[in-house]
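Here is how the chains run, residue by residue.
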Amino acid sequence: MSLKKQDEMDHNAWLKEQDLTVIETAFLTTLIWLDKRLRIVDYLELLETMYYRANLQMPKSHTEQYDLDNKFWYWYPLYSLGSLSIIAYLVAAVSGALLGFYYAPSTAGAAAQGDPTAAYDSLVMIMTDVQFGYMLRSIHRWAAQFMVAAVFLHMLRVYFTGSYKEPREVNWILGIVLIGLTLLFGFSGYVLPWKQLSFWAAQIGVEMALATPIVGEWAAQLLFGGFTLGQATLVRMYILHVFVLPFVVTGLIALHVGIVWVQGIAEPH
Amino acid sequence: MTDDTTPMTDGGTDEEARTDGGPPATVPPDDETPTWTERKEQSSGLAQLTYQYFERSRREDEDLRAESTYVERDVLGFPAWPHETIRNLAITSFFVGIMILVAALMPAHFGEPANPGSTPAIILPDWYLYWSFGLLKLNPINPSLEVLGGNIAISNEFLGIIAHGIVFGVITLVPFLNKGSARRPVEQPFWAAVGVTGVILSFTLAALAIQNFFPISLDLLLTLTFMLPVAGGIITYAVLKTMREGYMYDLNRRYYMLRPPK
């Protein structure tokens, strides 16, 4: 007997100590030869997998795990609201990009008060002359409505299931910022057609800004391009709607989802 | 293994091992299925030799894996491919389809061109800003902030802006006030009641914004704007508090053992 440590995986040595018959030796030699080349042992694992498949047990669903299935469908239909917001945002982005080819952010062309401006005319053109234009504007508008609705409902779901709790405060605050920006997105888009309701909604915005002490006048000039509404207001809203907000909101949504990814989904129980 | 002394388990009904509903039974329990070693012991001749060889071969592979620097981890989760992807595709197509359907059935309307010279009878933002517009119409309660000289301390518009600040401030503070591990309204009737109060308040504020459409007096509408949310909150609190007693008992017993409330 040697002191050298035995090689456990020396199949030849193992064969010698087995004291096999000729048939057995031939069989095993063939088997080993084939297995070295074809890895038959791997197919055994496949067989094993098939065995488990045939006796399949599904993982326990969340409701089963927490013994909720006899109580309620427990919030699950509300779980796609966050992604619905993103889907609606993408639909609005695509349709908005197409609308951007036809829209003119200009108040020119109004000879008297109440006459249609170039912005208004371009929307009339989109809705009457452009092929599919009416549908395109409807889709853009409805995608915006869906996004705002989904964002509100998403916030309610997060509130009532306590998903904003301890490690997730930052994402809650980020969500509030995103809601504010979504509303600003909607507001700036509402102003763009430069119809009566758009104009007077913007008028309320200017008055609100001007009523704020210290920063009010500065904010009015920044957002509305002055204290009275006109070409500057429309251009500010246009740039906000098609250039500033898309980048900011897309970045913040990516951050929002990224934090969810890192922290994991806060499941109810 | 399947003798009389070993209890048969179904992977999660062992009360000793059970914590919060039992471990997830992702694979059949090992003690119910014979391993290759056990089958080898049951067989003889060439079959036994085959088993022996495969056992060794598998062990060889396992040793090689153990020596390697590659880290194998158990991952328990919903597979991203294909399950999650297909589910998301289905959800996405469904929602996009609904959006296009609604857009086709109810196309966007169009109003008069802007006229700075004539204020329309009704000025309204989109529906999602009704609550905000309602906050701007709080001027009837502004005189209560009156200082002794008879002047209002702040302008009506600024009152509305302050109200916005309060609303957003309160919402922002929520995670810093409400901690702990409770995740259901029944676990925390108070916070659920606060939430319901806020939801009803947003609806009543929206009603205040479109008060022209309501055939009731402004005084009554203002009263309802603030009384309805409070009433709704109280009812919610009472209902949830009652539900908690019976409905939550079983769950709490196990769940709080795992994560004690802070």
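Cut-offs and rules
- The residue numbering used here restarts from 1 in each chain and proceeds along that chain's sequence as written.
- All chains are assigned letters beginning at A, and all ligands numbers beginning at 1, according to the order in which they are written.
- At least 70 in pLDDT is required for a residue's local features to be given in this predicted model, at least 80 for side-chain atom pairs to be given and counted, and no such filter applies to totals for whole chains, interfaces and linings, which use all residues.
- Side-chain numbers here rest on the full set of heavy atoms in the structure, without hydrogens or water.
- Segments assigned H or I by DSSP are reported as helices when at least four residues long, segments assigned E as strands when at least two residues long, and all are numbered from the N terminus.
- Exposure classes here rest on a 1.4 Å probe applied to the protein chains alone. A residue is buried below 20% of its type maximum, exposed above 50%, and partly exposed in between.
- Per-residue and other accessible areas follow the Shrake-Rupley method at a 1.4 Å probe size, with only the shown protein chains counted as cover for residues.
- Put plainly, a pocket is an open set of points on a 1 Å grid over the protein atoms alone with protein on both sides within 12 Å along at least five of seven lines, a cavity is a set where a 1.4 Å probe fits but cannot get out, and a lining residue has an atom within 4 Å of a point.
- Grid points are joined across faces, edges and corners, and a volume is the space filled by probe spheres set on the points.
- Three residue categories are used. Nonpolar comprises Ala, Val, Leu, Ile, Met, Phe, Trp, Tyr, Cys and Pro, charged comprises Asp, Glu, Lys and Arg, and polar comprises the others, including Gly.
- Aromatic pairs are defined between Phe, Tyr and Trp rings, using the six-membered ring for Trp, whenever the two ring centres lie within 6.5 Å; interplanar angles under 30 degrees are classed as stacked, those over 60 as edge-to-face, and all others as tilted.
- Contacts between residues were defined by any pair of non-hydrogen atoms, one from each residue, lying within 4.5 Å.
- Accessible surface is computed with a 1.4 Å probe, and the buried area is the amount of it that two parts give up when combined, taken over both parts together.
- Think of a salt bridge as a Lys or Arg side-chain nitrogen and an Asp or Glu carboxyl oxygen that are within 4 Å of each other.
- Each patch is built from salt-bridge-free residues with over 30% relative accessible area, joining like charges within 9 Å and nonpolar side chains (Val, Leu, Ile, Met, Phe, Trp, Tyr) within 5 Å.
- Counted as positive: Lys and Arg. Counted as negative: Asp and Glu, with His and the chain ends omitted from the count.
- The location of each charge is read from NZ of Lys, CZ of Arg, CG of Asp or CD of Glu.

What follows covers the overall build of chain A. Of regular secondary structure, chain A possesses 11 helices and 0 strands. Counting from the amino terminus, helix and strand elements in chain A follow one another as α-α-α-α-α-α-α-α-α-α-α. Burial statistics for chain A: of 269 residues in total, 44% are counted as buried. By element, 67% of the accessible surface of chain A is carried by carbon and sulfur atoms, the whole surface being about 14800 Å².

Let us look at the layout of surface pockets. For the second largest pocket, the calculated volume is near 1100 Å³. Contributing to the lining of the second largest pocket are 34 residues, with Val-167, Ile-171, Gly-198, Val-199 and Ser-202 of chain B lying nearest its centre. Broken down by secondary-structure element, the contributors of at least two residues to the lining of the second largest pocket are helix H7 (133-160) and helix H8 (169-191) of chain A together with helix H4 (130-135), helix H5 (156-177) and helix H6 (189-209) of chain B. Class assignment for the residues of the lining of the second largest pocket results in 31 nonpolar, 3 polar and no charged.

Further remarks concern the packing of aromatic side chains. Within this structure, the stated rule accounts for 16 aromatic pairs over all chains. Centroid distance Trp-127 of chain B to Tyr-128 of chain B: 5.4 Å. Interplanar angle 80°. Geometry classified as edge-to-face. With a relative accessible area of 3%, Tyr-128 of chain B lands in the buried category. Every member of this aromatic cluster is reached through a ring pair, and the members are Tyr-159, Phe-160, Tyr-164 and Trp-172 of chain A.

A separate point is the interface of chain B and chain A. Facing the 96 residues of chain B at the interface are 93 residues of chain A. In total, chain B and chain A occlude about 8900 Å² of area from one another, counting both sides; carbon and sulfur atoms represent 66% of this. On the surface where chain B and chain A come into contact, there are 4 salt bridges. The partner of Lys-179 of chain B in a salt bridge is Glu-166 of chain A, with the nearest N and O atoms 3.2 Å apart. At the level of secondary structure, the elements contributing two or more residues to the side of chain B that touches chain A comprise helix H2 (45-67), helix H3 (80-105), H4, H5, H6 and helix H8 (249-258) of chain B. The element best represented in the side of chain B that touches chain A is H2 of chain B, accounting for 14 residues. Of the residues contributing to the side of chain B that touches chain A, the split by class is 55 nonpolar, 22 polar and 19 charged.

Moving on, we come to the environment of Gly-189 of chain A. Position of Gly-189 of chain A among the secondary structure elements: in helix H8. Sequence spacing of Gly-189 of chain A and Val-22 of chain A is 167 residues, and the spatial spacing of their C-alpha atoms is 88 Å.

So, about empty space enclosed by the protein. According to the stated counting rule, one finds 3 cavities of 30 Å³ or more in the structure shown. Approximately 80 Å³ is the volume attributed to the largest cavity. Together, 14 residues line the largest cavity, and Tyr-159 and Phe-160 of chain A together with Pro-185, Gln-188 and Trp-191 of chain B are the ones closest to its centre. Elements represented by at least two residues in the lining of the largest cavity include exactly H7 of chain A together with H6 of chain B. The class makeup of the residues in the lining of the largest cavity is 7 nonpolar, 4 polar and 3 charged.

Tallied over the full model, the rule gives 5 salt bridges over all chains. Between Asp-126 of chain B and Arg-141 of chain A there is a salt bridge, with its nearest N and O atoms 3.0 Å apart. Residue Asp-126 of chain B is located in the loop between H3 and H4, and its partner Arg-141 of chain A is located in helix H7; the two belong to separate chains. Residue Arg-141 of chain A is classed as partly exposed on the basis of its relative accessible area, which comes to 24%. Salt-bridge contacts for Lys-179 of chain B lead to Glu-169 of chain A; the nearest nitrogen and oxygen are separated by 3.4 Å. Here Lys-179 of chain B, found in the loop between H5 and H6, pairs with Glu-169 of chain A, found in helix H8, and the two come from separate chains. Here Glu-169 of chain A falls in the buried class, since its relative accessible area comes to 12%. Shared partners join several salt bridges into a network, and the residues in it are Asp-35 and Arg-39 of chain A together with Asp-61 of chain B.

Further remarks concern a negative patch on the surface. A cluster of acidic side chains, namely Asp-42 and Glu-45 of chain A together with Glu-62, Asp-63 and Glu-67 of chain B, defines a negative patch on the protein surface. Those elements that provide at least two residues to the negative patch are helix H3 (40-54) of chain A together with H2 of chain B. At 3 residues, H2 of chain B tops the list of elements feeding residues into the negative patch. By the secondary structure assignment, Asp-42 of chain A is in helix H3. Classification of Asp-42 of chain A as partly exposed rests on a relative accessible area of 36%.

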